[in-house]
Amino acid sequence: QIGYSVFMLLAFIAMGSSSQASRHDSHSKSLDSLSLLLKGFDAADAHNHDRAIALFSQVIEAGTLSTPHLSTAHRARADAYFQNGQIKTSVADYARALHLNPHNIAAYINRGNLRTRLGKYDLALEDLDNAINLDPHDALAFQNRGNIHFFSDNFSKAITDYRRSLGLEPSDLFSAIWLYLAERRAGIDGRAGLLAHSQGQNMEIWPGPVVSLYLDLISATQLVHVANRHTGHEKDEMISEAHFYSGEFFLMNRQTELAVNHFRQTIARGPNWLTEFHAAKVELNKLGH
């Protein structure tokens, strides 16, 4: 995830010092709104979506933010609505964010993610193409577009996008993992590349253990155990991811029944906005389950 709080803090600094703001009521209100926006990002980072929505709504209703910052607030609230399962409201906020700022790259990327989860791949590709056209150096946009190609069985395009993502963020193990999966689907042995991308990284930090699974250094059972040992608020995400990547491992080894069981566990653990949650649904559908 992007460090939104850092971004907003820089915006806060750019607006001037607190001593200046205290002399001007409009500036003071704007700074108060930015403070609330930061708190909203903190709540979102803590997965407290209801509080995040309330804070972002308060900021939006105050009407004191500049247009670019207001666009960011709508995008952030849309993210929180999405993760809270309030899809229609999320769609409306993304549209508002982009109306206010047609150059809001994060809004394009995140709406693309939402549309991907809804199976609206053509619309999702439009959003990600727009994001990439605005910033051809955004690794996340390439990774997410690669996911859509993967779900659509267009593995050659998926490989191209994952490689572009890794060219921009060589240390991103998620892109390396998805590149490996796409290469395997295309009949390419990508183990050497996966190993190369993992060199010099702490493989105990997630998703390092997933790489270890695909390099035959640990078992699927051990991978799930690693995720279950996690104590933070991301535990359910990690368990869901562990089951998904275990499912892919068994699918690659033609152990379909085990793969199906793990994909079902991915969905059982959620959350439903997770990339791997949707990917598990796609795989089960392809397997006729």
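Residues numbered from 1 in each chain as written. Predicted model: local features only at pLDDT ≥ 70, side-chain atom pairs only at ≥ 80, totals over all residues. Heavy atoms only, no water.

## Some points on the nonpolar core
Ranked by size, the top nonpolar core spans 57 residues in total, and within it Phe150, Trp178, Leu181, Tyr214 and Tyr245 carry the most contacts. Here this core takes nine residues from helix α15 (residues 235–252), the largest share from any one element. Once you skip the residues sitting within four places of it in the chain, leucine 181 turns out to touch Phe150, Tyr214, Tyr245, Glu248 and Met252. Within the second largest apolar cluster, 18 residues are counted, among which are Leu37, Phe41, Ala52 and Ile60. (Core = buried A, V, L, I, M, F, W, Y, C linked by side-chain atoms within 4.5 Å. Buried < 20%, exposed > 50% of the residue type's maximum accessible area, 1.4 Å probe, protein only. Helix = DSSP H or I, 4+ residues; strand = E, 2+ residues; numbered from the N terminus. Contact = heavy atoms within 4.5 Å.)

## Examining the confidence of the model for the chain
Within the chain, residue pLDDT values average 90, and 89% of them lie at 70 or more. Scored below 50 in pLDDT, residues 1–27 makes 26 contacts in the model with residues more than four places away or belonging to other chains. (pLDDT = per-residue confidence, 0-100.)

## Notes on helix α11 (residues 173–185)
Under the 1.5 Å per step criterion, the end-to-end length of α11 is 18 Å for 13 residues, consistent within 8% with the ideal 18 Å. Of all 13 residues in α11, ten are buried; the element is thus mostly enclosed. Listed in full, the buried residues belonging to α11 are Leu173, Ser175, Ala176, Ile177, Trp178, Leu179, Tyr180, Leu181, Ala182 and Glu183. Contact partners of the buried residues in α11: α9 (139–151), α10 (155–168), α12 (191–198), α13 (208–214), α15 and α17 (275–286). Sitting at the amino-terminal end of α11 is aspartate 172, which places a side-chain oxygen 3.1 Å from the backbone nitrogen of phenylalanine 174. Directly beyond the C-terminal end of α11, a positive phi value near 80° is found at glycine 187. (Expected span 1.5 Å × (residues − 1). Polar contact = N/O pair within 3.5 Å; in protein donor to acceptor, adjacent residues only side chain to side chain.)

## Concerning the packing of aromatic side chains
The geometry of an aromatic ring pair is captured by the separation of the ring centres together with the interplanar angle, meaning the angle of the planes. One pass over the structure, following the stated rule, counts 13 aromatic pairs. Between the aromatic rings of phenylalanine 150 and phenylalanine 155, the centroid separation amounts to 5.3 Å while the plane-to-plane angle is 75°, which identifies the pairing as edge-to-face. A ring pair is formed by tryptophan 178 and phenylalanine 244, whose centres lie 5.7 Å apart and whose planes are at 25°; its orientation type is stacked. Here tryptophan 178, found in helix α11, pairs with phenylalanine 244, found in helix α15; they are 66 residues apart in sequence, far enough to count as distant. (Phe/Tyr/Trp six-rings, centres within 6.5 Å; stacked < 30°, edge-to-face > 60°.)

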